[in-house]
Amino acid sequence: MNQSMRLSGRAALLAASAIATVVVLGPIIWAVSTSLKSDNHIFAVPPRLIPDEPTLMHFQRLLAEGVQWSFLNSAFYTVVAVAFAVAVGGTAGYALVRYPVPAKRALLILFMGVMSIPSYALLLPTQVIFVRLGIFDTRLALPILYAAHVIPFAVWMTRAHFATVPRELEQAALVDGYSRFEAVWKVIIPGARPALIAASAFGFLYAWNDYITATTMVESPDLRTLPVALIFFQGFHGRDWGALMAGVVIATLPPVVLFLVYRRYLIGGFSEGSVKG
Amino acid sequence: MVSVPASGTTTFTRSIEDAARAGRRIGTTLVGPAVLVVIAVNILPAFFGFYSSLRKIFFFGDEGFAGLDNFRALFADPVTWEAIGRSLIFTFGALALAVPLALLAALAVRELGARGRILLTILLVPWAMSPIVVALLWKWILLPSPGGLFASILATFGMPPANLLSNPTWAMPTVIAVAVWRTFAFAAIILTAGLGQIPKDLYKAAAVDGLTAMERFSRITVPLLAPSILIVLSMLTISYFNEVQVIIGLTSGGPIRSTTTLAYQLYLTGFVELDQGRGNAIAVVMFLINLVLIVGYVQLLGNRKGGEA
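Scoring rules and cut-offs
Residues numbered from 1 in each chain as written. Chains lettered and ligands numbered in written order. Predicted model: local features only at pLDDT ≥ 70, side-chain atom pairs only at ≥ 80, totals over all residues. Heavy atoms only, no water. Helix = DSSP H or I, 4+ residues; strand = E, 2+ residues; numbered from the N terminus. Rg over C-alpha atoms; globule rule 2.2 N^0.38 Å. Buried < 20%, exposed > 50% of the residue type's maximum accessible area, 1.4 Å probe, protein only. Contact = heavy atoms within 4.5 Å. Lys, Arg positive; Asp, Glu negative; His and termini not counted. Charge placed at Lys NZ, Arg CZ, Asp CG, Glu CD. Areas by Shrake-Rupley, 256 points an atom, 1.4 Å probe, with all protein chains shown as cover. Polar contact = N/O pair within 3.5 Å; in protein donor to acceptor, adjacent residues only side chain to side chain. Axes fitted to C-alpha atoms, helices over the stretch in contact; angles between N-to-C directions. Left-handed = near helix turned anticlockwise from the far one by under 90°. Buried area = accessible area lost by both parts, 1.4 Å probe. Nonpolar A, V, L, I, M, F, W, Y, C, P; charged D, E, K, R; others polar. pLDDT = per-residue confidence, 0-100. Pairing = 2+ DSSP bridges. Salt bridge = Lys/Arg side-chain N within 4 Å of Asp/Glu carboxyl O.

## Re the overall build of chain A
At step 1: A count of helical and extended segments in chain A gives 12 helices and zero strands.
At step 2: Across chain A, helices and strands are ordered from the amino to the carboxyl terminus as α-α-α-α-α-α-α-α-α-α-α-α.
At step 3: Compactness check: chain A gives a C-alpha radius of gyration of 24 Å against a globular reference of 19 Å for 277 residues, more than 25% above the reference.
At step 4: Taking the principal axes of its C-alpha atoms as reference, chain A extends roughly 75 × 70 × 35 Å.
At step 5: Residues counted as buried form 51% of the 277 residues belonging to chain A.
At step 6: Across chain A, the fraction of contacts at a sequence separation of at least 24, relative to all contacts at a separation of at least 6, is 71%.
At step 7: Positive and negative charge centroids in chain A, built from 20 and 14 side chains respectively, lie 12 Å apart.

## Focus: the overall build of chain B
At step 1: Helices and strands together make up the secondary structure of chain B, namely 12 helices and two strands.
At step 2: N-terminal to C-terminal, the α/β element order of chain B is α-β-β-α-α-α-α-α-α-α-α-α-α-α.
At step 3: Seen through its principal axes, chain B has C-alpha atoms that stretch 100 × 75 × 35 Å.
At step 4: Across the 309 residues that make up chain B, the buried fraction comes to 51%.
At step 5: Within chain B, counting contacts between residues at least 6 apart in sequence, those at least 24 apart form 68% of the total.
At step 6: As presented, chain B carries roughly 14700 Å² of accessible surface, and 70% of it is formed by carbon and sulfur atoms.
At step 7: Charged side chains of chain B number 21 positive and 15 negative; the gap between the two group centres comes to 7 Å.

## Topic: the side chain of Ser130(B)
At step 1: Mapped onto the fold, Ser130(B) is located in the loop between α4 (114-124) and α5 (131-141).
At step 2: At 2.8 Å, the side chain of Ser130(B) forms a polar contact with the backbone oxygen of Asn209(A).

## With respect to the packing of helix α7 (residues 171-196) of chain B against helix α9 (residues 213-241) of chain B
All names here are of chain B.
At step 1: Running from amino to carboxyl end, α7 crosses α9 at an angle of 145°, the nearest separation of the two axes being 9 Å. Judged by the twist between their axes, the crossing of α7 over α9 is right-handed. In this structure, α7 uses Ala 179, Val 180, Thr 183, Phe 186, Ala 187, Ile 190, Leu 191, Gly 194 and Leu 195 to contact α9, whose residues at the interface are Thr 221, Leu 225, Ser 228, Ile 229, Ile 231, Val 232, Met 235, Leu 236 and Tyr 240.

## Some points on the interface of chain A and chain B
At step 1: Contacts between the two partners involve 85 residues from chain A, matched on the other side by 81 residues from chain B.
At step 2: Surface buried jointly by chain A and chain B totals about 7200 Å² across both partners, of which 81% is contributed by carbon and sulfur atoms.
At step 3: Summed over the shared surface of chain A and chain B, the number is nine residue pairs in polar contact (both at pLDDT 80 or more).
At step 4: By residue class, the composition of the side of chain A that touches chain B is 64 nonpolar, 16 polar and five charged.

## With respect to the confidence of the model for chain B
Residue and element names in this part refer to chain B.
At step 1: On average, residues of chain B score 88 in pLDDT, and 94% of them are at 70 or above.
At step 2: Counting interchain partners and residues more than four positions distant, the pLDDT-below-50 stretch residues 305-309 has three contacts.
At step 3: Model confidence for the complex is summarised by a pTM of 0.90, with the ipTM given as 0.91.

## Here's the deal with the pairing of strand β1 (residues 55-58) of chain B
Residue and element names in this part refer to chain B.
At step 1: Side chains Arg 55 and Ile 57 project from β1 onto a buried face, and the interleaved Lys 56 and Phe 58 project onto a face without burial.
At step 2: The sheet contact formed by β1 and strand β2 (residues 61-65) spans three bridges and is antiparallel. If you follow Arg 55 over to β2, its bridge partner there is Phe 65.
At step 3: Counting the residues between successive antiparallel strands, the hairpin from β1 to β2 contains two residues, one of them, Phe 59, with a positive phi of roughly 50°.

## Concerning the environment of Thr237(B)
At step 1: One can find Thr237(B) in helix α9.
At step 2: Setting aside its immediate chain neighbours within four residues, Thr237(B) contacts Thr91(B), Leu95(B) and Leu293(B).

## So, the pattern of salt bridges
All names here are of chain B.
At step 1: Counted according to the given criterion, the structure contains nine salt bridges over all chains.
At step 2: A salt bridge links Arg 278 to Asp 77, with the shortest nitrogen-to-oxygen separation between them at 2.6 Å. In this pair, Arg 278 is assigned in helix α12 (residues 276-308) and Asp 77 in the loop between α2 (69-76) and α3 (78-112), connecting sequence segments 201 residues apart.
At step 3: A relative accessible area of 21% means that Asp 77 is categorised as partly exposed.

Printed below as a string of structure tokens:
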């Protein structure tokens, strides 16, 4: 009796998980399928999941429109912002753990407080400031903003991890004749790797996936990011769902691959924070 | 015992002081860049935004000091109150959907063991996607024409295609559902971690005492998971209240303003209507609401921790 109840409970659970998986992955698979269908198969009734004659024509159409340049813009802004934010934020996180920094508490509250300002609420004043400084609509605008939003996060995340690298390990490295730099490079950074990876991955997802900052800080078509380019493409070719889904696939591939590769660090970063926090 | 010469002691103290000073100097140098960037790019615009909210600025033309006029006009306008109402509907609608789903997912993840981790990974894939890209994807799925995925599903049940996104009644529930689709599994991570903290022995003891699954859930799981549920509620409340990109992508606030939340109203006023004075006033209001939410969140969690200690 009890045994069969357990079994039926387990069956219900598996069924629910299967439904959840279909609801979550179905739309994504549908986008991939649409992106590979020829124009006259896209609106087939009833819809078919497997394309009859798979084609890359939609991807080629996007290339003809120059979407690859927007992809490269997105990649450039994201990589520069994340590298800068994690270097600067990680350094600060390390200093806050190891050195008697003046006003340490105030600084920690500053970083926490900044995270609590919704980033798009600052876009109006930022636009005016950037126009006056001549940064508006340049290649500098987005890396600066993305980095500034990721830094506080990187500080908090790395700080907790640097604290777990034993001080003795650093000292031993120095005694062994390593320079300060070598000690940091060979002992401390490897020790804080999970936090550095998690901070980088979060930063990447934030910057790569952003639309609102990119659409308000950059105007020139040459400087557009991929999400902005897709929205413009939709504005001109609203019914070209094949090409739009090809764009969805291209925009989604990098963050999803990154998430799948680093999911351990990303999931760990959040669950650790919540349980200990 | 060898007595330490006086001169030795002073050299020693002096070297400690030097080391401390050097430590402070190195520390300041290392923290400096992060602090400078954060002040220049986050704090200064915040102050400038507040200053701008007190001025009449339209189409980048600053027409002078306006005092609290922007705020007065804002709150005298029924549109603002409607937008605040819609923000609340969006936030609490999404919470009501996301939290039970996340709890179910977390229970399934725990129950399924190693396969559960695969399930969680799958459920989290939409969370790695761009909100605007998610909006594009769902626009295509919800397209009310034969051959559209959603329309075809309706057709198999003998129903005509429905244009959810341009229907004033259905637009908001649809936008909520898409936002939840993207984010609910994020809450499941935190709940899964919370479930992992509950000792397994409690369930064994409860089973020996003859408690049913329902009783075990209500008497053990829910009370012990309460701190994690509180974290999830707080984080999601803040994130849904500030959601704007999914709305821009799916409905642009329409039809007939039915999805214009306060966050979207800010975007519309500042960047589309170019009323920067009033836009900044909305930003200040948004910031204050966020502050209240965050202080409430910290307070709730802080008290709970104090209670346990």
